[in-house]
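# Per-entry structural report
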Amino acid sequence: MVKKLLLISLLTIASLALVGCVKEEPEKEITLTVNNQFTEMTEGDTIQLSYGTNDTEGVLLTSSNTDVLTITDTGLVEAIGEGEATITLTSKENSKYTYTFNVIVNRLITISFPSDEVIITEGETINLVPTSNDDDGVTYDSTNKDIFVVDPLGNVTAKKEGSAYLTFTSVTDNTKQESVKITVRKLINLHLDQTSEVFIVGDGKLISYISNDDVEFSSSNTAVVSVTEQGVMVAEGPGEAIITVTSTYDNSVSDTITIVVFNYTENIEITGNSLMNIGMTNELSIIVTPDQAFSTVLWETTDETIATVDENGIVTALQKGTVTITATSALDDSVVDTFDIEILNILVVDSTTQSGDTLEYLGVELEFGINLFATISTALANAVDDTAIYVLEGTYIEDFIIDNSRISLIGVNAIIEGNVIVSANDIHMMNFQFSGNSTISNDEPIEHFIFEDNHISNLTSVGDFINLNTANGITIINNIFDDVESDFINIEDFRLGQILIQYNHIINANNAITVLAENEYDITTSIEIYRNELNSVNEAFNINLLYGSQQKDIEAIVRFNAVDSFIGFAAKSNVSNEIDFTLNFWGTAELDYNDFENIDPFYLR
């Protein structure tokens, strides 16, 4: 065991002595060189790095930012994204030996446009802007400025027919370009002289148009209008068709004309309202024969002071009267129709109406405050000469004055309780009921007063119900006086005209009919009292023709009347009168002449 330990120790000493005798070698210097060093790349570019080294183990290749660029073990450099990165070469034998250089990666500029060709028309301007990621934008250029021009904003203006290219160039990288073909088409001017026309079946006509190129023709309904290649339109049947004229160069350019075709007009008939009120308008219509015949007519009126008619058949009523409207076919002046229209001047009184109300009466539309009123006096205040005032059902407790000429007051189940003063000529009152404190009188000389078809009863007024002084031309006809108990008719100081009192029925009156002269009257004056029925009266007739001490031999006749149950005189007159009282019934077969005063029995036969 001791021998073995000794042997090991000797061997160790010998080895250490041997090592101490070996000489130390120097460190190897590693060389790294780049043969194609570069500083810039563009996104997407690749470069094969060429380098040299004496490192027998090789070189480690790295990028400081792989988002910007990458490098493979074989030295292939690829630009990934915009930015800056450092490429490092490191010796594998000794890592202290490195080689670095910086590379800037620029953005890859792209320019694109959605189509290969854009078609525009001469004179047209459009804006054409490409899609680009160049923050500095693009420039625009035309390869042929005779065809089109472009401004810095991309507004392209077509100059003349032809083709050229629009070039987009990157401001950042002028090697980056994109182009689009611009085709300029000729500007077609196409215009028809008319937009519509009327034909009669069988008519033919050449289309009138202006165009700077060839055209073609078509019809929307050849059964109505056909059209030839030369543009001749022929009306085939009634109806409507649209004729289209289209450019053969550019079918987007067209113009149209609407043709309405009618049958030949054989007859026309006017329809409409034959009754109108002043101020009213009414549209007349035309019915033509045969169906779908030409209906345009020319309108005329026989009297434009009464009513006018316009080119559309709208009649405007101006004043009371009757007018004839004539329609003449615009196609054939031998085809004519006429239509009579009566122009009324009416107002209506309805006690139930108020502001905002309307009413149709006699075919006339009425409006409150214009020709519809709630009281008679308001209607009269709005009336003019020649007005007919219809008073509808109701009781009208009011006094009123009639001071416009030619006024007709017509009751429709209307009751008047009030004093009526007549202050104008040609007044007509009819179809009323009078009661209470009602009277009829005038406050100045009047002419032509008519009181007709009225019913008077239950009067509370004292004196004469009708009291007319200096009134010429009076007609009192077909009235009923029931339980009046006052004087019915009192006419004084007549001067001229006819006094006609007939067909009245008088019951329970004081003095029924009194006609008295006060001043000289005209020889043509006549008094005619016919066919009245008088019952239970005090005095039936009092006719006195004396003015001063004179009287005239006028026509004065009291005939065919029936008088029954009188208290005072059946009839009386002035002395020496020649009034004809013949052919009356006096309530008895045998007359008592004491019932008559100043009446010659000869005139009582």
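Residues numbered from 1 in each chain as written. Predicted model: local features only at pLDDT ≥ 70, side-chain atom pairs only at ≥ 80, totals over all residues. Heavy atoms only, no water.

### Side note on empty space enclosed by the protein
One pass over the structure, following the stated rule, counts 1 cavity of 30 Å³ or more. Reported here for the largest cavity is a volume of approximately 60 Å³. What lines the largest cavity is simply L192, D193, Q194, E197, K205, L206, I207, S208, M233 and I257. For the lining of the largest cavity, the per-class residue count stands at 5 nonpolar, 2 polar and 3 charged. (1 Å grid on protein atoms, 1.4 Å probe; cavity = no way out; pocket = protein on both sides within 12 Å on 5 of 7 lines; lining within 4 Å. Points joined across faces, edges and corners; volume = space filled by probe spheres on them. Nonpolar A, V, L, I, M, F, W, Y, C, P; charged D, E, K, R; others polar.)

### Comments concerning the sheet that holds strand 35 (residues 321-329)
Taken together, the 4 strands give an open sheet; going across it, the order is 29-36-35-32, and neighbouring strands pair in mixed fashion. Single-partner strands in this sheet number two, and they are strand 29 (275-277) and strand 32 (297-301). On average, each strand axis in the sheet is inclined to that of its neighbour by 30°, with strand direction left out of account. Sheet topology note: the strand 35/strand 36 (residues 336-344) ladder contains 8 bridges and is antiparallel. Bridging across to strand 36, I325 finds its partner in F339. (Pairing = 2+ DSSP bridges. Helix = DSSP H or I, 4+ residues; strand = E, 2+ residues; numbered from the N terminus. Axes fitted to C-alpha atoms, helices over the stretch in contact; angles between N-to-C directions.)

### A word on the sheet that holds strand 20 (residues 196-200)
Pairing in this open sheet of 4 strands is mixed, and the strands run 20-27-26-23 from one edge to the other. Because the sheet does not close on itself, it has two edges, and the strands there are strand 20 and strand 23 (215-219). Sheet twist, expressed as the average angle between the axes of neighbouring strands with direction ignored, equals 25°. Pairing of strand 26 (residues 239-247) with strand 27 (residues 254-262) involves 8 bridges; the strand directions are antiparallel. For E240, the partnering residue across the bridge sits in strand 27 and is V260.

### What to know about the layout of surface pockets
Approximately 220 Å³ is the volume attributed to the largest pocket. Of all elements in the fold, only strand 37 (346-349) and strand 39 (364-367) reach the threshold of two or more residues within the lining of the largest pocket. A per-class count over the lining of the largest pocket returns 8 nonpolar, 6 polar and 1 charged.

### Remarks on the environment of T244
Among the structural elements, T244 can be located in strand 26. When the C-alpha positions of T244 and N404 are compared, they lie 65 Å apart, and in sequence the two are 160 residues distant. With near-sequence residues (within four places) excluded, T244 lies in contact with E216, F217, S218, S254, D255 and T256. (Contact = heavy atoms within 4.5 Å.)

### Focus: the packing of aromatic side chains
Scanning all chains against the criterion turns up 19 aromatic pairs. One aromatic cluster is present, built from ring pairs that chain together F432, F434, F449, F451, F465, F481 and F488. Here the basic side chain of K186 rests over the ring of Y249, its NZ or CZ set 5.3 Å away from the ring centre. Over the ring of F560 we find R531, and its NZ or CZ is 4.6 Å from the ring centre. (Phe/Tyr/Trp six-rings, centres within 6.5 Å; stacked < 30°, edge-to-face > 60°. Lys NZ or Arg CZ within 6 Å of the ring centre and 35° of its normal.)

### Notes on the pairing of strand 54 (residues 498-502)
In terms of residue burial, strand 54 counts as a mostly covered element, since 4 of its 5 residues are buried. Two strands pair when backbone bridges link them, and strand 51 (residues 471-477) and strand 54 are joined in this way by 4 bridges, in the parallel orientation. The partner of T475 across the bridge, within strand 54, is L500. Sheet analysis places strand 54 next to strand 56 (residues 526-530), joined by 5 bridges and oriented parallel. For I501, the partnering residue across the bridge sits in strand 56 and is I529. (Buried < 20%, exposed > 50% of the residue type's maximum accessible area, 1.4 Å probe, protein only.)

### Details of the side chain of N511
Along the chain, N511 falls in strand 55 (residues 505-516). Under the relative-accessibility criterion, N511 is labelled buried at 19%. Apart from residues no more than four positions distant in its own chain, N511 is found in contact with S486, D487, F488, I489, N538 and E539.

### Examining the environment of L61
Examined against the element boundaries, L61 turns out to sit in strand 5 (residues 59-63). For L61 and T100, which are 39 residues apart along the polypeptide, the C-alpha to C-alpha distance reads 9.9 Å. L61 has contacts with L49, Y51, I71, T72, D73, T74, G75, T88 and L89, leaving out every residue within four places of it along the chain.

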